[in-house]
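Residue-level listing of the chains:
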Amino acid sequence: MARATPDDGHRPDTRSGLNMASRSLSLALVTETYPPEVNGVAMTLGRLVGGLEARGHRIRIVRPRQKDEKVGQETHNQLLTQGLPIPRYPELRFGLPAAGRLRKSWLTQPPDILHIATEGPLGYSALSLARNLSIPVVSTFHTNFHSYSRHYGIGWLHGRIESYLRWFHNRTAATLVPTRALSDALTQQGFRNVGVLSRGVDTRLFHPGRRCATLRSYWGAQENDPVAIVVGRLAPEKNLGLALKAFSDLRSIHPRTRMVFVGDGPLRKPLERRHPDCHFAGNRHGEDLATHYASADLFLFPSLTETFGNVVTEALASGLPVVAYDCAAAADLIVNGQNGFLAPPGNAASFIAAAVQVMETNSPWRQTCPASVRHLDWERIYNTYEALLDELIAGKSLSPTPDGSFGFVAD
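Residues numbered from 1 in each chain as written. Predicted model: local features only at pLDDT ≥ 70, side-chain atom pairs only at ≥ 80, totals over all residues. Heavy atoms only, no water.

On to helix α15 (residues 378-393), then. A rise of 1.5 Å per residue sets the reference length of α15, with its 16 residues, at 22 Å; its end C-alpha atoms lie 23 Å apart and thus fit the reference within 8%. Counting buried positions over the 16 residues of α15 gives twelve, a clear majority of the element. Among all positions in α15, only Trp-378, Ile-381, Tyr-382, Asn-383, Thr-384, Tyr-385, Glu-386, Ala-387, Leu-388, Leu-389, Glu-391 and Leu-392 are buried. Among the residues of α15, the N-terminal cap falls to Asp-377, whose side-chain oxygen and the backbone nitrogen of Glu-379 are separated by 2.9 Å. Count one or two residues on from α15 and you reach Gly-395, which has phi positive near 90°. (Helix = DSSP H or I, 4+ residues; strand = E, 2+ residues; numbered from the N terminus. Expected span 1.5 Å × (residues − 1). Buried < 20%, exposed > 50% of the residue type's maximum accessible area, 1.4 Å probe, protein only. Polar contact = N/O pair within 3.5 Å; in protein donor to acceptor, adjacent residues only side chain to side chain.)

So, on to the nonpolar core. Across soluble globular proteins, nonpolar side chains show a tendency to be buried alongside one another. In terms of nonpolar packing, the biggest core is built from 64 residues, with Met-259, Phe-261, Tyr-293, Phe-299 and Leu-300 touching the most fellow members. Apart from the residues within four sequence positions on either side, Phe-299 is in contact with Ile-229, Val-230, Val-231, Tyr-293, Val-311, Val-312, Ala-315, Leu-320, Pro-321, Val-322 and Val-323. (Core = buried A, V, L, I, M, F, W, Y, C linked by side-chain atoms within 4.5 Å. Contact = heavy atoms within 4.5 Å.)

In this section: the pattern of salt bridges. In the structure shown here, the tally under the stated rule is 16 salt bridges. Between Arg-210 and Glu-287 there is a salt bridge, with its nearest N and O atoms 4.0 Å apart. A residue pair is termed long-range when its members are at least 10 positions apart, and Arg-210 in the loop between β10 (194-196) and α7 (213-218) and Glu-287 in helix α10 (residues 286-294) qualify at 77 residues. A salt bridge links Lys-238 to Glu-306; the nearest nitrogen and oxygen atoms lie 2.7 Å apart. Taken together, the residues Lys-238 in the loop between β11 (227-231) and α8 (240-253) and Glu-306 in the loop between β14 (298-301) and α11 (310-317) connect sequence positions 68 residues apart. Neither residue differs from the other here; Lys-238 and Glu-306 are each classed as buried. Taken together, the shared-partner salt bridges connect Arg-211, Arg-216, Asp-297 and Arg-366 into one network. (Salt bridge = Lys/Arg side-chain N within 4 Å of Asp/Glu carboxyl O.)

Another point: the packing of helix α2 (residues 99-108) against helix α3 (residues 121-132). The contact between α2 and α3 brings their axes to 9 Å, and the two run at 40°. Classified by the angle between their axes, α2 and α3 sit oblique to one another. In the crossing of α2 with α3, the sense of the turn from one axis to the other is right-handed. Contacts from Ala-99, Leu-102, Arg-103 and Trp-106 of α2 reach α3 at Ser-125, Ala-126, Leu-129 and Ala-130. Of the residues assigned to the contact of α2 with α3, the class counts are six nonpolar, one polar and one charged. (Axes fitted to C-alpha atoms, helices over the stretch in contact; angles between N-to-C directions. Parallel < 35°, antiparallel > 145°, perpendicular 65-115°, else oblique. Left-handed = near helix turned anticlockwise from the far one by under 90°. Nonpolar A, V, L, I, M, F, W, Y, C, P; charged D, E, K, R; others polar.)

Trans peptide bonds make up the majority, and among non-glycine residues the majority have a negative phi. Following Pro-35, the chain continues into Pro-36 via a peptide bond in cis, with omega recorded as 15°. One non-glycine residue, Ser-134, lies in positive phi territory at about 60°. Within the element layout of this structure, Ser-134 appears in the loop between α3 and β8 (137-140). For Ala-328, which is not a glycine, the phi torsion comes out positive at approximately 50°. Topologically, Ala-328 is positioned in helix α12 (residues 328-333). Assessed through its relative accessible area of 8%, Ala-328 is described here as buried.

All quantities given are derived from atomic positions and should not be read as evidence of function.
This is the structure in structure tokens:
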């Protein structure tokens, strides 16, 4: 058995990052979200594509055309398809089936491998065509759509959505997930060939040194005033009411505590009306976003629907202790008292108590929190992903290993 781990990539040419030990790969990536859209999936895919292109691989992105993009606007490495707005997420679109366009493209220049990042009609048509053309397929499980259904009035579809996702992913050679906990959960639900590919974090962008007294003053916070922050989409599935309850309890103990929300979404305006004592910063990007993280003192992550939660790693890299439920990325990364505190999933009282405990714990958070995510270097993620693609193209199958790393066995 050959095993691909984050340190297995052999790179004689360290100046360029190109893997001289393997040939250049041709990858087709089918996704319904991609930069400049703002979400964890888009960011992760953008980083993966950039990392592989820097190593000399050829990537063709297949995605739905967004509302501000016109026909004929696609670039050499992108194939844009028709799409429709996603209910409750009007800024995003799901792709319609595009088997005809894909067949024409792939018969002329077939990819070595197909990566399907989203399971909608576009992904389904790509999967069916790839199987007909004997193109190996790898998929990623990024979003708990079956869990989200409960927050959008279609909870009765939960079982059907889960069944479809299982059927879809089991038709691919491997399904990649960002945490070991999610891998275990999907395996118990009947998903096969599930492997862990963690998400990286840019520690050169997110770090404690970006703390800004001017920004804190704008929030109404003096040097020693606690600031709690939430970063992400302001939507029902994010459980934001719990963050507000935690803020209320924190303020009863530390009256000058401030609360900052970074992000946008359908709940922003209602929350702004109901909570004028909170600061709503809207979407932030790049160094501006990193400065918002580092200028706070506590990161609240009350969501129970995440498959990972990129914001957790960004907060830790910025020196913030994280209070979260014991699931997704937090379950893999948080050690109580060292870089934050975990609460049992769904236990709101424990979550609030953990937030209070952070404020009352004398710990060098700004040193211990960044240290806890230094291993999530993007180059290691690229090594693992690249090795996985190589093995699947060679006709090998994913085999589970006790330590959660990738293992492959010949078919």
